[in-house]
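Reading the structure
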Amino acid sequence: MNLKTRASLLVTALVMAAAFVFTSAHVLSLKLDLMGTIAEQQFALTSRAAEDIDQKLALGEAMVKKVADDMTSAADRLFADAQRLQALPAQRPALHALFDTIYVLSREGRVLADHPVWPGRLGTDRSDREYFRAVLANPRPYISRPFLDLATNEPSVMITAPVFGAQGELVAMLAARMNLLRPSLLGGVAAAKVGRSGHFMLLTREGEIVMHHDRGRIQRRYDEFGGKIAFIDRALYGQEGTGEGFDRSGGHFLYSARGLAAAPWILVAAFPADEAFAPATALQRKIIWSGVALAVLLPLALWLLMRNLLRPLDWLRETIRAVRDDPERRIRVTNRSSDEIGEVAREFARMTVRLRWRERRQRRVEKALRESEARFRALTELSSDWY
């Protein structure tokens, strides 16, 4: 392997190593910056969606409480007239915009009035319901745990508010069922995408799914489908923010979690990491292909460059061989560069000229000595003949 090839390969190896270190650091920095930006944007998106759900739940709670307060102010007359009591829910059209079913329950849990009217529902016992027991124990507005409505098989909550008598005693409750998958409530959020293929899900603090784009998962624990995810488990205990997580199938996601104020629920946004990091991955792929092209082209370019730079050395080598074979050969310096290699070539030419000049002078001296010696020998022989 000649000097040009060794130098080309060495420089290529050094350049590729430096490029690998630099690009790896750059891509890592880009991923970290990208994750920070995505985390901020995704948490902001999740927070806005959570605040929107909070506002709708708070509005529903406020509406139920307002009607219950109106019933409290007319409790004596209202509960003395069964027809008037039955007509009351139908006379509140504002409630119909948010709620699918409205009940008036007695203190014992019996249905006193309903809307829409359902045959056979009046007088039925609801005292075993979680929302009824909660308000009975603590008379104030209450949003129930999510449940699947038997008629629609869709997730719902019951918002219940107490109705008090003239002495401040609990005499009844107003309960309104809200279908969570209404487009105006959670239906829009359930269908919304995070990025191109991400999604939202709403969980209770126990990990039960309240809302999901896959309705088959509602009312089931989230970890039944992808296994436990450390970030979501921490979110169930109150941690908010954005973090990475893996499900048991190997899916890699960026999760953002934000708790609701109106109910003990958590809104989670799941964004596939490969989609989130797609710009960095595309850049990394381009850098790799650029590196492959560089690894192919750089040695050739360096070899050509080194050949041009080392041409004086090639000339010097060939000249040395020529002088060795023909000491009298004339030397012509073709390199006019002012660098060290050109200077070496010129100095070699000068040295060769000087050596030849000295060699010629030495030959002349030796010739003169031989001629002088011959003349001296001839004179000596001549003088001996005289005697």
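Report on the accompanying structure. Values in this document were obtained by computation on a predicted structure and should not be read as measured data. (Residues numbered from 1 in each chain as written. Predicted model: local features only at pLDDT ≥ 70, side-chain atom pairs only at ≥ 80, totals over all residues. Heavy atoms only, no water.)

The complete set of buried residues in helix H5 (residues 130-137) reads Tyr131, Phe132 and Val135. Projected down its long axis, H5 shows its buried positions confined to an angular sector of 100°, all on one face. Looking at the buried residues of H5, the elements they touch are strand E1 (101-106), strand E3 (142-143), strand E5 (155-164) and strand E6 (170-179). (Buried < 20%, exposed > 50% of the residue type's maximum accessible area, 1.4 Å probe, protein only. Helix = DSSP H or I, 4+ residues; strand = E, 2+ residues; numbered from the N terminus. Arc of directions from axis to C-beta. Contact = heavy atoms within 4.5 Å.)

With 52 residues, the main nonpolar core has Met71, Phe99, Met211 and Leu267 as its most contacted residues. The element that contributes the greatest number of residues to this core is helix H1 (residues 3-73), accounting for 12 residues. Residue contacts for Met71: discarding those within four places in its chain leaves Leu78, Phe79, Leu85, Leu88, Val104, Val163 and Leu174. Counting 15 residues, the second largest nonpolar core, distinct from the first, contains Ile209, Phe231, Val268 and Ala270. (Core = buried A, V, L, I, M, F, W, Y, C linked by side-chain atoms within 4.5 Å.)

Pairing in this open sheet of five strands is antiparallel, and the strands run E8-E7-E11-E10-E9 from one edge to the other. Since the sheet does not close on itself, it has two edges, and those belong to strand E8 (209-212) and strand E9 (241-246), each with one partner. Within the sheet, the average angular offset between the axes of one strand and its neighbour, ignoring direction, is 25°. The pairing of strand E10 (residues 252-259) with strand E11 (residues 265-272) spans seven bridges and is classified as antiparallel. Residue Ser256 lies in a different strand from E11, and its bridge partner there is Ala269. In the packing of helix H6 (residues 183-191) onto the sheet, contacts are made with strand E7 (199-204), E8 and E11, and the angle to E8 comes to roughly 65°. (Pairing = 2+ DSSP bridges. Axes fitted to C-alpha atoms, helices over the stretch in contact; angles between N-to-C directions.)

Here we take up the pairing of E1. The element E1 is extensively covered by neighbouring structure, given that six of its six residues are classed as buried. Across the two faces of E1 the burial is the same, with Thr101, Tyr103 and Leu105 and Ile102, Val104 and Ser106 all buried. Two strands pair when backbone bridges link them, and E1 and E6 are joined in this way by six bridges, in the antiparallel orientation. Note on E6: the bridge partner recorded for Thr101 is Arg177. Bridge count between E1 and strand E2 (residues 111-115): four bridges; the pairing is antiparallel. Across the sheet, the residue bridging to Ile102 is His115, located in E2. Where E1 folds back on E2, the antiparallel hairpin that results is connected by four residues, among which Gly109 adopts a positive phi of roughly 95°.

Turning to the packing of aromatic side chains, a few remarks are in order. Enumeration according to the criterion identifies two aromatic pairs in this entry. Seen from their ring centres, Phe231 and Tyr255 are 6.4 Å apart, and the 15° between their planes marks the pair as stacked. Of this pair, Phe231 sits in helix H8 (residues 230-236) while Tyr255 sits in strand E10; the two residues are 24 residues apart in sequence, bridging distant segments of the chain. For the pair shown, Phe231 and Tyr255 are each scored as buried. Ring geometry for Phe253 and Tyr255: centres 5.7 Å apart, planes at 35°, overall tilted. Like Phe253, the residue Tyr255 is buried in the burial classification. Among the aromatic residues, ring-to-ring pairing joins Phe231, Phe253 and Tyr255 into one connected group. (Phe/Tyr/Trp six-rings, centres within 6.5 Å; stacked < 30°, edge-to-face > 60°.)

So, on to a nonpolar patch on the surface. Residues Ile288, Trp289, Val292, Val296 and Leu297 make up a contiguous nonpolar surface patch of about 550 Å² in total accessible area. The residue Val296 is located in helix H10 (residues 278-309) in this model. Note on Val296: relative accessible area 56%, which makes it exposed. (Patch = residues over 30% accessible without salt bridge, like charges linked within 9 Å, V, L, I, M, F, W, Y side chains within 5 Å. Areas by Shrake-Rupley, 256 points an atom, 1.4 Å probe, with all protein chains shown as cover. Salt bridge = Lys/Arg side-chain N within 4 Å of Asp/Glu carboxyl O.)

Position of Val67 among the secondary structure elements: in helix H1. The class of Val67 is buried, set by a relative accessible area of 5%. Linking Val67 and Leu88, residues 21 residues apart in sequence, is a C-alpha distance of 9.4 Å. Discounting residues that sit within four places of it in the chain, Val67 has contacts with Leu88, Arg92, Leu95 and Leu174.

Attention now goes to the environment of Thr352. Along the chain, Thr352 falls in helix H12 (residues 340-386). Judged by its relative accessible area of 7%, Thr352 is buried. As for Thr352 and Ile320, which are separated by 32 residues in sequence, their C-alpha atoms are 9.6 Å apart.

Of the consecutive residues His115 and Pro116, the connecting peptide bond is found in the cis state with omega at -5°. With respect to the secondary-structure elements, Pro116 resides in the loop between E2 and H5. Even without a glycine there, the phi angle at Gln219 is positive, about 75°. Tracing the backbone through its elements, the reader meets Gln219 in the loop between E8 and helix H7 (223-226).

All right, on to H6 then. Burial in H6 covers these residues: Leu185, Leu186, Gly187, Val189 and Ala190. Projected down its long axis, H6 carries its buried residues within an arc of 165°, all on one side. Opposite the packed face of H6, turned more than 90 degrees from it, sit the exposed residues Pro183 and Ala191.

As a further point, take a positive patch on the surface. Residues Arg354, Arg358, Arg361 and Arg364 make up a contiguous surface patch of positive charge. Tracing the backbone shows Arg354 in helix H12. Residue classification places Arg354 among the partly exposed positions, given a relative accessible area of 44%. (Lys, Arg positive; Asp, Glu negative; His and termini not counted. Charge placed at Lys NZ, Arg CZ, Asp CG, Glu CD.)

These values are about where atoms sit, not about what they do.
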